[in-house]
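What follows is the residue order along each chain.
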Number of protein chains: 2
Amino acid sequence: MAGGIGSRFWPMSKTSFPKQFLDILGTGETLIQMTYRRFLALCPKENIYVVTNDDYKSLVMEQLPEMKEGQVLCEPSRRNTAPCIAYAAYKIHFQNPNARMMIAPSDHLILKEKAFEDSMSLALEQADKGTLVTLGIKPSRPDTGYGYIQFVDEGDDKEVKKVKTFTEKPNLELAQTFLDSGDFYWNSGIFVSTTQTMINAFAEHLNEVHVLFEPKLKELNGPEEAETISDIYAVCANVSIDYGIMEKAKNVYVVLSDIGWSDLGTWGSLYTHLKLDENKNAKLGKNVRLYECSDTLVHSQKEKLMVLQGLDDYIVVDTKEALLVVKKSEEQKIKQFVTNLKAEGLDDFV
Amino acid sequence: MAGGIGSRFWPMSKTSFPKQFLDILGTGETLIQMTYRRFLALCPKENIYVVTNDDYKSLVMEQLPEMKEGQVLCEPSRRNTAPCIAYAAYKIHFQNPNARMMIAPSDHLILKEKAFEDSMSLALEQADKGTLVTLGIKPSRPDTGYGYIQFVDEGDDKEVKKVKTFTEKPNLELAQTFLDSGDFYWNSGIFVSTTQTMINAFAEHLNEVHVLFEPKLKELNGPEEAETISDIYAVCANVSIDYGIMEKAKNVYVVLSDIGWSDLGTWGSLYTHLKLDENKNAKLGKNVRLYECSDTLVHSQKEKLMVLQGLDDYIVVDTKEALLVVKKSEEQKIKQFVTNLKAEGLDDFV
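All residue numbers refer to position in the chain's written sequence, counted from 1. Think of it this way: whatever chain is written first is A, whatever ligand is written first is 1, and the rest follow in order. The predicted nature of this model means local features are confined to residues of pLDDT at least 70 and side-chain atom pairs, given and counted, to a pLDDT of 80 or more, with totals for whole chains, interfaces and linings taken over all residues. Side-chain numbers come from the whole structure's heavy atoms, not from hydrogens or water.

A. Quick peek at the pairing of strand β5 (residues 132-137) of chain B. Residue and element names in this part refer to chain B. Of all six residues making up β5, six are buried, and the element is well covered by its neighbours. Each residue is assigned to one of three classes by its accessible area relative to the maximum for its type, calculated with a 1.4 Å probe on protein chains only: buried under 20%, partly exposed between the two thresholds, exposed over 50%. Strands here are runs of E lasting at least two residues and helices are runs of H or I lasting at least four, both read from the DSSP assignment and numbered beginning at the N terminus. The alternating pattern of β5 places Leu132, Thr134 and Gly136 and Val133, Leu135 and Ile137 on opposite faces, both of which are buried. If DSSP finds at least two bridges between two strands, the strands pair. As defined by bridge partners, β5 adjoins strand β9 (residues 252-257) across six bridges and the pair is classed as parallel. By the bridge assignment for β9, Gly136 is matched with Leu256. Here β5 pairs with strand β8 (residues 184-194) via four bridges, running antiparallel. Pairing of Thr134 across the sheet is with Phe191, part of β8.

Here's what the structure looks like:
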């Protein structure tokens, strides 16, 4: 899934160049390239599909040159994760009714790649039993930016558990309760199931989407694909897979995982995964010089020099077109800054 | 005088493009262009000379296109203000032994142009009496970055006073004493005298410089000018006019002036002259957006967008090549930052 905009990563992430296409960690690989490589260990490359917005097709082809054009499914508009997953599920199901799907966002960070493979193998096994499976991440803090999955704790040490409830982003008090209870894991947004199980779930819980895709299996695999998906998306509901299916389905299992995961949803979440200097500063950029700075994340592009003095607990991000300085504790305001820029008509900057 | 580097205005001012050539206020005029225009009201344009470093000759010619090449005196190396003034004084004296000189830095701010003209007229009158004259600025704060001029207070309300002492940059306690006493004014670095008086002063107080220039009056006005000045500068002392002459001379007068002056020596001194918003922020730049910021000076170039949140008492300056963020109260550290960059070999940035 590579259709998101990543507005909370502004100004590095822009609508015209979202975060999955950025080498945010400065490792030489973009997030989608890292995601692609992660799945190469789990399935043949010709079985990897990217679902993205029409606008990003050329970016995908450029960054994943091994991909054939037919492996890039283009959405004509943004409809959240449920239609995105439906598109892939129904299309692939026509090609192979016994297919299994591993569904993952393209803009997440996973540091423990071997552990990820192991968790995905367990998830595939469980999916073969005809259930929906999700990867749950052991929470390390009462994060209010994530959804939580409560599982049925039967006192055993199995890594695969039956899911009791999905919970949307909680407030801090509730998140702390979840953390303390021990039977709530973060919802990673990574799902595994057979295409048949997924289609059954759409038929049962999101029938309005099912009835759009189900009659068009063949067309989604033929020359009329673009026109077909355009017609479907024109009338399709905008709904997330979590809200539309996972929260309602009864046959969901979670694999308890420890894979060094972050959704990189915010600059702050990136900060927690970076190497820090002795003053807890994270420097991404070649020419960053800090004096009397602490707990600060700095990101500069290419050769740009940054000399910063006297900043405590800030995020500083500089691109060619825009500079952002914001208190790390206030970074949820970035979304509003972006909204304000759009309202001013400064769309080119966002 | 347009040979300075302006390192305290880094990163906007660079060795290759110093502050006098910048439109720091965003008015459409660079500082040297404003200075030139200011003197057009006081003397014919063919009588205006710019003394600058060889490296900046093309910048001067570009920014002051009305100037003829012979009006730009090029220094082969940096030798502080005394040799700079000597060069002009001896050269002009050969052309006209009755000449009067108004000597001014090209990178200062003067907001009250009419008052400046009036003060300069008084200074010219006084200079005709065979004395050295300086413009003194009524101090508004105990600034430790300026030199001070103490005058003889004879209880009258004349604007022209005899100078008692020149004082180098004082410490804060002394500066406060100067401010309280009422008979100390800031040394603006703007001087007026006849060339004859100036040459006499060199002969008396800086004879080592006098003996270099005095035999070469003709050569400084002929085809061998460049070679001559090169020979002189190769052995000439590096000394300021204040230290070399003004502090020693007995016949110095000061015109008490109120001309809206700043030497723009630092970002902080610029800040005190800018229009502030309701949170005392000064914004120089088209696309600057501030949230919960106060007492902060922001300078962006061209179209660059800056979104800043949660900054109190900072200086933020962004150029194409470098970003500086520094506490306004710590801006004296900029000089050290620049020194450190040079030590790292990052000369291109400074």
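B. Fine view of helix α6 (residues 195-205) of chain B. All of the buried residues along α6(B) are B:Thr195, B:Thr197, B:Met198, B:Ile199, B:Ala201 and B:Phe202. Contact criterion: two residues are considered in contact whenever any of their non-hydrogen atoms come within 4.5 Å of each other. If you follow the buried residues of α6(B), they end up packed against α3 (81-95), β3 (100-103), β5, β8, α7 (207-213) and α9 (241-246) of chain B.

C. Expanded view of the packing of aromatic side chains. Ring geometry is summarised as follows: Phe, Tyr and Trp rings, the Trp one being its six-membered ring, pair when their centres sit within 6.5 Å, and such pairs are stacked at plane angles under 30 degrees, edge-to-face over 60 and tilted between the two. Under the counting rule described, the total for this entry stands at 27 aromatic pairs over all chains. Ring centres 3.9 Å apart and planes at 10 degrees place the aromatic pair A:Phe178 and A:Phe184 in the stacked group. Measuring from ring centre to ring centre gives 5.6 Å for B:Phe39 and B:Phe116, while their planes differ by 85 degrees; the resulting arrangement is edge-to-face. Of this pair, B:Phe39 sits in helix α1 (residues 31-40) while B:Phe116 sits in helix α4 (residues 113-127), placing them 77 residues apart in sequence.

D. Highlighting the sheet that holds strand β16 (residues 322-327) of chain B. Reading across the sheet, the six strands line up as β12(A)-β14(A)-β16(B)-β15(B)-β13(B)-β11(B) and stay open at both edges, with mixed pairing between neighbours. Unpaired on one side and paired on the other, β12 (287-291) of chain A together with β11 (282-284) of chain B mark the two borders of the sheet. If you compare each strand with its neighbour and ignore which way they point, the axes differ by 5 degrees on average. Each axis is a line fitted through C-alpha atoms, taken for helices only over the stretch in contact, and angles between the N-to-C directions span 0 to 180 degrees.

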